[in-house]
Structures are given as structure tokens and as C-alpha cells.
Amino acid sequence: MQERQCVQAAWASSSHEQEVAGMQVGFIGTGSMGTILIESLLKAGVLAPRHITAANRTARKAEQLAERYPGMRVAYSNAEAAEGNDIVFLCIKPHEFRTVLKEIKRTVNDRQIVVSITSPVTIGSLESWLPAKIAKVIPSITNYMLSGALLCMYGERLSPADIAGLERLLSAIGRPVQVNERFTRVSSDISSCGPAFFSFLLQKFIDAAAVETGIPRAEAERLACEMLRGTGTLLTEGGLSPEDVQYRVAVPGGITAKGLKLMEESVGDLFHRLIGITHAKYYDEMERAASSLDSSSD
Ligand SMILES: NC(=O)c1ccc[n+]([C@@H]2O[C@H](COP(=O)([O-])OP(=O)(O)OC[C@H]3O[C@@H](n4cnc5c(N)ncnc54)[C@H](OP(=O)(O)O)[C@@H]3O)[C@@H](O)[C@H]2O)c1
């Protein structure tokens, strides 16, 4: 709630100097990720509420967003959310695509950019359904803090100017990074699932610290979060690689070196298996998405 108020305050105080001139943006799906994208773009000041139209299956969710950000329009059909907007974000799950595509395919045109944020639905499949320019952009929860990457993949219908315009919008909330669609899953594992995976490891570290030493959990958590923020800055702005950080901290034979040795022995092939599991689920979802989107004729 407090976070929400921060977003609203940031939006209200923004001069909107960075608004992407005149761009109108539609959102279909205002669940977790749709809401994060809308709120981040508002917080960054790159869009104002009057630039946004949102639709959601349960309309009340979109209405609540519009109540928080006066000026935002609620659309009561997906076709209405798509109509006339320069960019339309599809923030829905893979199995929901067929329904939505059927509803918008006669509304969108070849001047619009339709952006899917869903990894298993391919650009080719969307191009077979819609005349629009198709992009796939995989966001991350880190974009809520206007940081982290946005994985960008573009269909051939987008011109360099389309890509530049879209990336100008996206760069307000993170770093657009173009990736090969072939690496969608592993890139998403790192960029979008990574915050959850590394928060899990951090939580285990904090829990162990509290249990093993009696340090108040809140204190351990504060230290751990600051540590992660500082390490992130070293790795992104400080010019250090993960190996450099370990080398700089671990004196041979010292305490950190002992800890790293234990970690090396214990982690084993954990991350290989992790990538195996995410990809197995991904291929399954891809297959199901492909067969559900197989024919665009009805
Ligand atoms: N969560 C992440 O960190 C993350 C990161 C990158 C990409 N993604 C991708 O983003 C997509 C959405 O994920 P999410 O976490 O935002 O899921 P979510 O919270 O379940 O949101 C999906 C939203 O779509 C709405 N919806 C479903 N069918 C619809 C329809 N026919 N018309 C209009 N709206 C419809 C749902 O409405 P109801 O309220 O009626 O259920 C719900 O609000 C997924 O494909 C996911 O892989 C997620």
C-alpha cells in the first residue's frame, strides 16, 4: 500500500518531460505484470494516465487502476483496448492468447505494434494471427524500481524507427536488451526468474544467520539486502565481473575462501538442473501454445 502511494506520488510530481510524445498505449491484462508495467511507466513519467487504456477479464481490476490514476481509460472489451493505440501490450498467460487474439484480430492494423510479454508464444505465431508489427518483450519485477533488463525480440515488420520508439518507452523502466528468440527461456530464467531465485538464496542465508547466531532476523535481512544492492552496483557500474568480486573479497586461506569452497562443493549441478526444469516446462507450454494457436481461421 505504502509502495502504491509512492508510485502515485512520483507520478503526481512528475513533470512528464520525458513523455514519449503523443504515444497511446493499450494494455490487455492488468494482473501482476500488466500492473507493474503500467505503474512503472507512470512512475518513470514516460506516460501519463491519459495515454493508457487498459482492459482485464475481471474488469474491476482495470477499474481499480483507473481509480488510482485518474485519466486512465478502462476498456470493456479487448478489441476496444487494442483499437487506435500505437502500442498494445498483451499481459496475459499463454493459454489465454487464443481468446484474446480472436477478439482483437479484426481491430488491430499494420501500423500498430503489438507486444507480447509471454515467453512461450512465438513471434511467428502472433504474426500469423495479426497484421500488426509484433514484438516480444519480457519484463522483470525489477522494472518496478526502474532497473533491470527488458528482453526484446522483434518481428520483421518492425522498422528501425519502430524499434527506436518502443525502446525509448522501455528504457524509462529498465535496460532494453535485444536477445535471440532462441534464447528466450534461458534469458528469462536469468532476468525475470532470477530475482525470485536469488531472493530465495538470500532468504536461506538470512534464516541461517538468525538460527545459528541469534542475530535479529530483521537486522540480518537489512544487512543482506544492502549487501545485494551494493554487489549489484559493483557488477553493473563498478566494472567487476562475478569472478572479480570473489577474487577481491576472498583472501587465500581466509574466511571467505573457506566459505566459497563449501559453496562450490554444495551447489554442485543445482543451476544445471534448474535450467533443465525451466526448459522442460517451457517446451511443454510452447507446444501447448502452438497447438492452441495453430489455426487463426476461426
Ligand atoms: N510475473 C512475472 O515476473 C513475469 C515476468 C515476465 C513475464 N511474465 C509473463 O507475463 C504474463 C502474465 O503474467 P502475470 O504474472 O501478470 O499473470 P496474472 O497476474 O495472472 O495476470 C494475467 C491477467 O490477464 C487477465 N486475463 C486473462 N484472460 C484474459 C482475457 N481473455 N482478456 C483480458 N484479460 C485477461 C487476467 O484477468 P483475471 O483478473 O480475470 O484473472 C489477469 O489479470 C505471463 O505470460 C508471464 O509468463 C511474467
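Keep in mind that this is a model prediction, so the values were computed, not measured. (Residues numbered from 1 in each chain as written. Predicted model: local features only at pLDDT ≥ 70, side-chain atom pairs only at ≥ 80, totals over all residues. Heavy atoms only, no water.)

**Here we look at the site of the ligand**
Taken together, 21 residues form the shell around the ligand, and within it S32, M33, N56, T58 and K61 come nearest. Contact distances for the ligand include 2.9 Å between an oxygen atom and a backbone N or O atom of S32. Broken down by class, the residue content of the shell around the ligand amounts to nine nonpolar, eight polar and four charged. (Near = heavy atom within 4 Å. Polar contact = N/O pair within 3.5 Å; in protein donor to acceptor, adjacent residues only side chain to side chain. Nonpolar A, V, L, I, M, F, W, Y, C, P; charged D, E, K, R; others polar.)

**Comments concerning the sheet that holds strand β5 (residues 113–116)**
On the basis of which strands lie adjacent, the open sheet formed by eight strands has the order β3-β2-β1-β4-β5-β6-β7-β8 and mixed pairing. The outermost strands of the open sheet, each flanked by one partner alone, are β3 (73–74) and β8 (175–178). Strand contacts of helix α7 (residues 160–170): β4 (87–90), β5, β6 (133–138), β7 (149–154) and β8, with the helix running at about 165° to β7, the strand carrying the most contacts. (Pairing = 2+ DSSP bridges. Helix = DSSP H or I, 4+ residues; strand = E, 2+ residues; numbered from the N terminus. Contact = heavy atoms within 4.5 Å. Axes fitted to C-alpha atoms, helices over the stretch in contact; angles between N-to-C directions.)

**Brief notes about the environment of Y282**
Along the chain, Y282 turns up in helix α12 (residues 270–292). Sequence-wise, Y282 and P120 are 162 residues apart; in three dimensions their C-alpha atoms are separated by 6.4 Å. With residues up to four places along the chain from it excluded, the contact list for Y282 reads S119, P120, T184 and R185.

**Concerning helix α8 (residues 184–213)**
Helix length check: α8 (30 residues) gives 42 Å between terminal C-alpha atoms against 44 Å at 1.5 Å per residue, within 8%. Along α8, the sharpest kink reaches roughly 65°, centred on G194 and followed within four residues by the proline P195. The set of residues buried in α8 consists of T184, R185, S187, S188, D189, S191, G194, L202, I206 and A210. Elements that come into contact with the buried residues of α8 comprise β6, β7, α9 (217–236) and α12. Looking one or two residues beyond α8, the residue adopting positive phi is G214, at roughly 85°. (Expected span 1.5 Å × (residues − 1). Bend = angle between axes of the 7 residues up to and from the residue. Buried < 20%, exposed > 50% of the residue type's maximum accessible area, 1.4 Å probe, protein only.)

**Remarks on the nonpolar core**
Nonpolar side chains in soluble globular proteins generally cluster together in the buried interior. Membership of the largest hydrophobic core comes to 36 residues, with the highest contact counts inside it found for F27, I87, F89 and L166. In contact with F27, not counting residues within four places along its chain, are G34, L37, I38, L41, I52, T53, A54, A55, A81, F89 and C91. Ranked by size, the runner-up nonpolar core spans 27 residues in total, among them A75, V114, L151 and V179. (Core = buried A, V, L, I, M, F, W, Y, C linked by side-chain atoms within 4.5 Å.)

**Things to note about the confidence of the model for the protein chain**
This prediction gives the protein chain a mean pLDDT of 93; 92% of its residues lie at or above 70. Scored below 50 in pLDDT, residues 1–17 shows 24 contacts in the model against residues more than four places distant or in partner chains. (pLDDT = per-residue confidence, 0-100.)

**Focus on the pairing of β6**
With six of six residues buried, β6 lies mostly within the body of the structure. For β5 and β6, the ladder comprises four bridges, and the chain directions are parallel. Residue I113 lies in a different strand from β6, and its bridge partner there is K133. Pairing analysis gives four bridges linking β6 to β7, with the strands arranged antiparallel. Along β7, the bridge assignment pairs I138 with L151.

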